[in-house]
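# Descriptive structure summary
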Amino acid sequence: MTHQSLWQFMAEQHEKLLNQIIQHLGLTFLSLLLAIIVGLPLGILIARKRKLSGSVLGIAGILQTIPSIALLGFMIPVFGIGPKPAIAALLTYALLPIIRNTYTGITGVDPAVIESAKAMGMNRRQLLFKVKLPLAMPVIIAGIRTAAVINVGVATLASFVAAGGLGEFIFGGISLNNTNMILAGAIPAALLAIVLDQVIAMIQKSGYLVFRKLKYIAPIVLVVMAAGYLLTSVSPHKIKAGFTPEFMGRQDGNIGLRSVYGLNVNPLVVNDAIMYKAAYEKELDLISGYSTDGRIKAFDLYVLDDDKKIFPPYFAAPIIKTKTLKKFPELEETLNLLAGKFNDSIMTDLNYRSDHLNQTPEKIAKDFLIRNNLYKNPRKGNSGTVRIGSKIFGEQYILAEMYTMLIEGYTDYKAETKTGLGGTKICFDALMNDAIDVYPEYTGTGLLVLLQPTPQILKNVTQSADKTYQYVNSAFEKQYGIQWLKPLGFNNAYALMMRRKQAEDLKIKSISDLKRYVDGK
């Protein structure tokens, strides 16, 4: 297979890339204009009533320090998913530099100039618009420049709430171990920030008169960018779908749905942390998910039958380097204590406790080990440290805690967890670079994302779960010096799901039924 260059990838994906750039610009411009509308008057107000300046700037500063992912999370209960929470978050981040620079610029005007203007008989309004703002404008525009660059960067996170933008490529690439995809999102985002910064710098040098003329142009820009964003975001399909970044680029995901089923639902890209609830609240009709996810039960979702079998077996097992097993001789036997202790129903119940009942992974892991007579109190842990990694969803946190308790209870090793490492690429790279020693992986992911076999091999090895496991174990040992330990017993395969009532009303039981409904047959 010939390695695809970045430029080949960008040429192949040029339509999608252009849509993402338009969406990214739309989010940036809309939020920046709203921030100017809100921030400029606030800056003028606190410059006039300086007792308020500490409180207003303090609140804006606190909002600026909230991590962007957390801020988006706070916006979801209020605005749902889509552009609204993204624009609200970007507006919040842009406020501080605009308010602060407006305040600094106006209060920095020479008092002698103000006194001269008053002596000429200017009233408060004339003083503001003809003296203070023109003299403060270079400082104010510097704040707008800062806000613009911040917004271009933060807007990459908009894909987490199904708002589009260049983050779709970036996070999809991270999940899929695809450097070209990451760069296809990151490079245009960086170039947009540079271009926008230079355009605003030119306005800054042109002076106040040019800026005043922009008040007529700004509404036109707003309408054009809003129209462009809507045209690239609105789905014409009967079903509003949302898929994770990783699912979008996988053969056992959206690519397979298109090629095998001929199903194209123009899905939004959305983070799996919010897509289940979005389906439940009718913001999405169809989502990609995981067959053992506890939120299926919590939100009464219906898993569509994969009647053409594009989802291979996804049996979970810990993977670890052969040299690490030699370094820690008791480790293999200890990790294999969980082999065969699960089935799909058991894992779904554990995930339900985490996702819906909000029990901690530590409690869930300990209760499970106690029920299975596997729990032991920790030993001294003075014979070395085993570092356990996990991906960024509940099931992985639970398994990581189980392995921690087993290692510390059955050996003299100390266990250290490095959880929430993101998608497959980050976890696997961490394992390869010895940043972690072991993490739970899935045979289907190892097969399709990391090994990427030929179609013929893929067809042969996916005929049964055992064949898939034997193939990935052998290939990983040969290519990477990594072993797959014994499978845990549950199959967490990809799945398409809808609200149960909606699926029943539309008489959709399988993906083929969905295809017929979308096509209007």
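This section reports on the structure supplied with the text.

Here is what the cut-offs are and how they apply
Residues numbered from 1 in each chain as written. Predicted model: local features only at pLDDT ≥ 70, side-chain atom pairs only at ≥ 80, totals over all residues. Heavy atoms only, no water. Salt bridge = Lys/Arg side-chain N within 4 Å of Asp/Glu carboxyl O. Buried < 20%, exposed > 50% of the residue type's maximum accessible area, 1.4 Å probe, protein only. Helix = DSSP H or I, 4+ residues; strand = E, 2+ residues; numbered from the N terminus. Core = buried A, V, L, I, M, F, W, Y, C linked by side-chain atoms within 4.5 Å. Contact = heavy atoms within 4.5 Å. 1 Å grid on protein atoms, 1.4 Å probe; cavity = no way out; pocket = protein on both sides within 12 Å on 5 of 7 lines; lining within 4 Å. Points joined across faces, edges and corners; volume = space filled by probe spheres on them. Nonpolar A, V, L, I, M, F, W, Y, C, P; charged D, E, K, R; others polar. Phe/Tyr/Trp six-rings, centres within 6.5 Å; stacked < 30°, edge-to-face > 60°. Patch = residues over 30% accessible without salt bridge, like charges linked within 9 Å, V, L, I, M, F, W, Y side chains within 5 Å. Areas by Shrake-Rupley, 256 points an atom, 1.4 Å probe, with all protein chains shown as cover. Pairing = 2+ DSSP bridges.

What follows is about the pattern of salt bridges. Tallied over the entire structure, the rule returns 18 salt bridges. Ionic pairing is found between Arg 250 and Glu 246, a salt bridge with its closest N-O pair at 2.4 Å. Accessibility assignment for this pair places Arg 250 and Glu 246 in one class, buried. A salt bridge links Asp 300 to Arg 500; the shortest N-O distance between them is 2.9 Å. On the criterion of sequence distance, the pair formed by Asp 300 in the loop between α14 (294-298) and β4 (301-303) and Arg 500 in helix α24 (residues 500-506) is long-range, its members being 200 residues apart. Relative accessible area serves as the criterion here: at 42%, Asp 300 is assigned to the partly exposed category.

What follows deals with the nonpolar core. Membership of the largest hydrophobic core comes to 115 residues, with the highest contact counts inside it found for Leu 286, Leu 338, Phe 342 and Leu 496. If one sorts the elements of this core by residue count, helix α19 (residues 394-410) sits on top with nine residues. With near-sequence residues (within four places) excluded, Leu 338 lies in contact with Phe 368, Leu 369, Leu 374, Met 402, Tyr 403, Leu 406 and Leu 488. If you look at the next biggest cluster of nonpolar residues, it comprises 38 residues, including Met 10, Val 56, Ala 148 and Leu 196.

Moving on, we come to helix α25 (residues 511-518). Inspection of α25 places Ile 511, Ser 512, Asp 513, Leu 514 and Val 518 among the buried residues, and these make up the whole buried set. Residues of α25 that are buried in the fold lie against α12 (254-261), β3 (286-290) and β10 (494-499). A positive phi of about 75° marks Gly 520, the residue just after α25.

As a further point, take the layout of surface pockets. By volume, the second largest pocket is sized at about 1300 Å³. Around the second largest pocket sit 48 residues that line it, and Asn 271, Asp 272, Ala 273, Ile 274 and Ile 392 are the ones nearest its centre. Elements that contribute at least two residues to the lining of the second largest pocket include exactly α4 (68-79), α8 (167-176), α11 (245-248), α13 (272-280), α17 (344-355), α19 and α20 (424-432). Looking at which element gives the most residues to the lining of the second largest pocket, the answer is α13, with six residues. For the lining of the second largest pocket, the residue count by class is 25 nonpolar, 14 polar and nine charged.

Next up on the list: empty space enclosed by the protein. Inspection of the entire model under this criterion finds two cavities of 30 Å³ or more. By volume, the largest cavity is sized at about 70 Å³. In this structure, the largest cavity is lined by Tyr 290, Thr 292, Asp 293, Arg 295, Asn 351, Asp 355, Phe 393, Gly 394, Glu 395 and Asn 492. Those elements that provide at least two residues to the lining of the largest cavity are α17 and α19. Grouping the constituent residues of the lining of the largest cavity by class yields two nonpolar, four polar and four charged.

Next up on the list: the packing of aromatic side chains. Tallying each qualifying case throughout the model produces 18 aromatic pairs. Relative to Tyr 494, the ring of Tyr 290 has its centre 5.5 Å away and its plane inclined at 25°; by these criteria the two rings are stacked. Highlighted residues: Tyr 290 in strand β3 and Tyr 494 in strand β10, separated in sequence by 204 residues. A relative accessible area of 6% places Tyr 494 in the buried class. Here the aromatic rings of Phe 393 and Tyr 442 are separated by 6.4 Å at their centres, their planes lie at 25°, and the arrangement is stacked.

Bringing a nonpolar patch on the surface into the picture now. Taken together, Leu 183, Ile 187, Leu 191 and Ile 194 make up a surface patch of nonpolar side chains, about 330 Å² in accessible area. With respect to the element layout, Leu 191 can be found in helix α9 (residues 179-206).

A separate point is the pairing of β3. A large share of β3 lies buried, amounting to five of its five residues. Side chains Leu 286, Ser 288 and Tyr 290 of β3 all project onto a buried face; the interleaved residues Ile 287 and Gly 289 project onto the opposite face, where all are buried too. Two elements, strand β1 (residues 241-243) and β3, share two bridges in a ladder whose sense is parallel. Residue pairing in the sheet places Ala 241 in a bridge with Leu 286 of β3. Pairing of β3 with β10, which is carried by four bridges, proceeds in the antiparallel orientation. Paired with Ser 288 across the strands is Leu 496, a residue of β10.

So, about the sheet that holds strand β2 (residues 268-269). Pairing in this open sheet of five strands is mixed, and the strands run β2-β1-β3-β10-β4 from one edge to the other. Each of the sheet's edge strands pairs with one partner strand only, and the pair in question is β2 and β4. As paired strands, β1 and β2 are joined by two bridges and run parallel to one another. Note on β2: the bridge partner recorded for Phe 243 is Val 269.

Nothing here speaks to function; it is all geometry.
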